[in-house]
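# Close look at the chain arrangement
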Protein chains: 2
Amino acid sequence: MISPIKVVIDTKGSDNGPSVFISGAALALKKLPDIAFVLVGDEEFIAEECSKLDMPMDRVEILDAKDEVTNFDKPGDAIFKKPNSSMLVALKALSERDDLFGMISAGNTGVLLAGGMRHLSKERRVRPCLSAVLPCQDGSFTCLVDTGATIDCTPEMLHHFALLGSEFMRDTYRIENPKVALLSNGAEASKGNALVKETFPILAEDERLCFIGNIEGNRALSGECDVLVCDGFAGNQVFKVTEGTATRIITDIVKYAKREGSNEVLALANHLMSVYDIGSLGGGNILGLKKPVIKARGNSGEKVITSISQMFLNIAQNKEIFDTAKNTI
Amino acid sequence: MISPIKVVIDTKGSDNGPSVFISGAALALKKLPDIAFVLVGDEEFIAEECSKLDMPMDRVEILDAKDEVTNFDKPGDAIFKKPNSSMLVALKALSERDDLFGMISAGNTGVLLAGGMRHLSKERRVRPCLSAVLPCQDGSFTCLVDTGATIDCTPEMLHHFALLGSEFMRDTYRIENPKVALLSNGAEASKGNALVKETFPILAEDERLCFIGNIEGNRALSGECDVLVCDGFAGNQVFKVTEGTATRIITDIVKYAKREGSNEVLALANHLMSVYDIGSLGGGNILGLKKPVIKARGNSGEKVITSISQMFLNIAQNKEIFDTAKNTI
């Protein structure tokens, strides 16, 4: 493994201002000796924050970018009109520089997707997607694609998402033949909205996919499939409804523990908070690009930089094993 | 209140066979003195089951219907080709007989909707929808429309659902000005798929509605809105993902309680099971029909007949208060 792994951080996308990801970087650098960062944003501001934080500057580089992509920017416009924004400067650097491994941004998902397609497309005809790897009841993981990057999808796009999700689970999670399912309103092949019904035979006919059929929302994270395919609107619902329900039940449990004065229940609540802390899962990986680009949530805290950096280290390690294996064959 | 309230039961729609709803009726009759049933299905079979169950036959009527609607029937076909099915015989009786108050079926949702529209439409131009009244975190209730009766919707249909949901929450839950929200992938007005974006201004402009904008999946059951509007595909996801997540967390808690040997945690698990038992919520009300038709889930147990009967009694009581109020004015 080339050490350290150098990751570009778009400091300006966070809802909580640019200092969060800078202090997040400081935390990650302390914990992970094999990581280095390129911090993109307002140069003077970043330098000042770094000096306050006792940042190990031998593993930090600063790239100046005064402009900013906001949540109100439209993807098509922003990638042309805001070339000096931290997000697009970061994407461009990632595409041009061989020493950069991946990127983290918490900014506008649509612009990140469009910018990624412009600067880092693996194959122009394939639509990238935003994935989330979610923990399942049986201890396995399911890669949900798309989780909200493309809200209105065509059957062809869902087909691409299925292929990209399979490739990702094969490469990163070592699942030889990832089971792919379509999210629907019933398990039967006849169930689904127009999009699902049109997509079903396309997935069934593609021999590169191990398509197992439709899955309903209550079985979405049962572990039955390795890749769960849906449009970005439905994927956003699965992700957020899961999160909302978990948060709500845990809040109820904390209240119950206090009311009943039960330390055992309070201990359980802490346990559940660590298991179901979807916010700490890091971020979604934009699949279909030449290099890993991770979309962190807009309201991410500083700890997210450490967990995403760990994801990068895992990806790098798997990649190295693969590259060695390929060279051996 | 006209006593007893007479409810028609389609005995053949259940995944678990016709005996479940017959024994369910026996249970309900024991608990609720103000209820009576018309059991629709195979006459001999029902009579035999009733005799086994010590059924109070003074509150039971049997209507013969040999045929059956299955989950494979297409709505448009079934309502014409299966007039002798238990579902359509029940719907027809409900529409023709003044002594019948409402109906319960666990059968094919699409056929039930189409049959309801054919026999019981309040207004031909309005698209009925399947609602689910779900308990919210703040103790209030949100009426989710549609939960899966119409999978592919137009903006006009969502508009109807908003009006029907508002009317229902006003009439049944006594909320004078129900707050209506659109389920979307972001709270901003600009967020949504094509359907949501087209529907937004229609809801915003209708002065009969108290439209509060978009709501994301993680806030769907926060209690911020009284009526949550979405297409049947998305509604099905909200409903089932909530159920799946709750079931999963409760299963985890039971395992944890056993592992840790904690009776306090086990008591909590029992408490949560009663609060989050979505299966026992009864069923979805098909809004937009002249009389209440409740769709129970296909795999409902016998207890569901009692909880739905209780819903009918509540509706009847509210209706009576309303009718009295109207007559007084």
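Scroll up for the structure.
Residues numbered from 1 in each chain as written. Chains lettered and ligands numbered in written order. Predicted model: local features only at pLDDT ≥ 70, side-chain atom pairs only at ≥ 80, totals over all residues. Heavy atoms only, no water.

## Some thoughts on unusual backbone geometry
Residues and elements named next belong to chain A. Following Val-145, the chain continues into Asp-146 via a peptide bond in cis, with omega recorded as 0°. You can see Asp-146 is positioned in the loop between β6 (141-145) and α6 (155-173). Even without being glycine, Asp-54 reaches a positive phi, approximately 55°. Inspection of the secondary structure puts Asp-54 in the loop between α2 (43-52) and β3 (60-64). (Helix = DSSP H or I, 4+ residues; strand = E, 2+ residues; numbered from the N terminus.)

## A word on the sheet that holds strand β7 (residues 179-184) of chain A
Residues and elements named next belong to chain A. The eleven strands are arranged β3-β2-β1-β4-β11-β10-β5-β6-β9-β7-β8 in an open sheet whose pairing can be described as mixed. Across the chains shown, the open sheet's two edge strands, defined by having one partner strand only, are β3 and β8 (210-216). In this sheet, neighbouring strand axes are inclined to one another by 30° on average, regardless of whether the strands run parallel or antiparallel. Sheet analysis places β7 next to strand β9 (residues 227-229), joined by three bridges and oriented parallel. (Pairing = 2+ DSSP bridges. Axes fitted to C-alpha atoms, helices over the stretch in contact; angles between N-to-C directions.)

## Some remarks on the sheet that holds strand β9 (residues 227-229) of chain B
Residues and elements named next belong to chain B. What the eleven strands build is an open sheet, ordered β3-β2-β1-β4-β11-β10-β5-β6-β9-β7-β8; its pairing is mixed. Since the sheet does not close on itself, it has two edges, and those belong to β3 (60-64) and β8 (210-216), each with one partner. Averaged over all neighbouring strand pairs, the angle between strand axes comes to 30°, with direction disregarded. Judged from the six bridges that link them, strand β1 (residues 5-10) and strand β2 (residues 35-41) form a sheet pairing that is parallel. Bridging across to β2, Ile-5 finds its partner in Ile-35. Across the sheet, helix α6 (residues 155-173) touches β5 (129-135), β6 (141-145), β7 (179-184), β9 and β10 (283-287), and the angle it forms with β9 is around 165°. (Contact = heavy atoms within 4.5 Å.)

## Looking at the interface of chain B and chain A
Contacts between the two partners involve 44 residues from chain B and, on the opposite side, 44 residues from chain A. Interface area lost by chain B to chain A is led by Gln-137, Phe-233 and Arg-248 of chain B, which between them contribute 17%. One can count two salt bridges joining chain B with chain A. Here Lys-240 of chain A makes a salt bridge to Glu-216 of chain B, at a shortest N to O gap of 2.2 Å. Among the elements of the structure, β7, α7 (194-205), α8 (232-260) and α9 (263-275) of chain B are those that each provide at least two residues to the side of chain B that touches chain A. A total of 19 residues in the side of chain B that touches chain A trace back to one element, the largest contributor, which is α8 of chain B. Split by residue class, the side of chain B that touches chain A holds 20 nonpolar, 16 polar and eight charged. (Buried area = accessible area lost by both parts, 1.4 Å probe. Salt bridge = Lys/Arg side-chain N within 4 Å of Asp/Glu carboxyl O. Nonpolar A, V, L, I, M, F, W, Y, C, P; charged D, E, K, R; others polar.)

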